[in-house]
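Understanding the architecture of this molecule
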Amino acid sequence: MKIEHIGLWVADLEGMRDFYVTNFNATFGERYDNVTKGFSSYFMSFPDGQTRLEIMTRTDVTTRYPAGHGYAHLAFSVGSHAIVDQMVVDFKVAGIEVVGEPRTTGDGYYEAVILDPEGNQIELVG
């Protein structure tokens, strides 16, 4: 069994698509629109070809849940400690907020944490 995809509500569908394409080498399929429900989405794939991310927007979904309630973070395995370190440098140069500097966590992960343009936490794991 594996996780097929994770759904993430976003406010700016095109902007968030561009963020994941630019920073995580995502590719995406055709935009899906359901005019009746006011729903639009993209399925995004990443270089490993495994779990996909579905970014979604809907005209009646406007409330964000506070941190710790529901969605917590996405985690990307990037291959090594050195890649985590370099990505943090690159994100800082690009003006992307780093909220957790590279470190080894209590559960043994080497990780850093950034925020996407809508404030969702993304872990970079090496």
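Residues numbered from 1 in each chain as written. Predicted model: local features only at pLDDT ≥ 70, side-chain atom pairs only at ≥ 80, totals over all residues. Heavy atoms only, no water.

We now examine the overall build of the chain. Of regular secondary structure, the chain possesses two helices and nine strands. Scanning the chain from its N terminus toward the C terminus, one meets helices and strands in the order β-α-β-β-β-β-β-α-β-β-β. The C-alpha atoms of the chain give 15 Å as radius of gyration, which agrees with the globular expectation for 126 residues (14 Å, within 12%). For the chain, the spread of C-alpha atoms along the principal axes amounts to about 45 × 35 × 30 Å. When the 126 residues of the chain are sorted by exposure, 35% land in the buried category. Taking as baseline every contact in the chain between residues at least 6 positions apart, the subset at least 24 positions apart corresponds to 49%. As displayed, the chain offers around 7700 Å² of accessible surface, 53% of which is attributable to carbon and sulfur atoms. Looking at charge distribution, the chain has the averaged site of its 9 positive side-chain charges lying 5 Å from that of its 18 negative ones. (Helix = DSSP H or I, 4+ residues; strand = E, 2+ residues; numbered from the N terminus. Rg over C-alpha atoms; globule rule 2.2 N^0.38 Å. Buried < 20%, exposed > 50% of the residue type's maximum accessible area, 1.4 Å probe, protein only. Contact = heavy atoms within 4.5 Å. Areas by Shrake-Rupley, 256 points an atom, 1.4 Å probe, with all protein chains shown as cover. Lys, Arg positive; Asp, Glu negative; His and termini not counted. Charge placed at Lys NZ, Arg CZ, Asp CG, Glu CD.)

Pairing geometry for strand β7 (residues 98-104) and strand β8 (residues 110-115), over four bridges, is antiparallel. Bridging across to β8, Arg103 finds its partner in Glu111. Connecting the antiparallel pair β7 and β8 is a turn made up of five residues, with Gly108 showing a positive phi of about 95°. (Pairing = 2+ DSSP bridges.)

Taken in spatial order, the four strands line up as β6-β9-β8-β7 in an open sheet, and their pairing is mixed. Strand pairing shows two members of the sheet lacking a second neighbour, β6 (73-77) and β7, which therefore form its edges. Within the sheet, the average angular offset between the axes of one strand and its neighbour, ignoring direction, is 15°. Alignment of β6 against strand β9 (residues 121-125), held across five bridges, turns out to be parallel. In the sheet register, Phe76 faces β9, and the bridge partner there is Leu124. Contacting β6, β8 and β9, helix α1 (residues 13-24) crosses the sheet at an angle of about 15° to β9. Against the sheet, helix α2 (residues 81-93) makes contact with β7, β8 and β9, and its axis sits at roughly 160° relative to β7, the strand it touches most. (Axes fitted to C-alpha atoms, helices over the stretch in contact; angles between N-to-C directions.)

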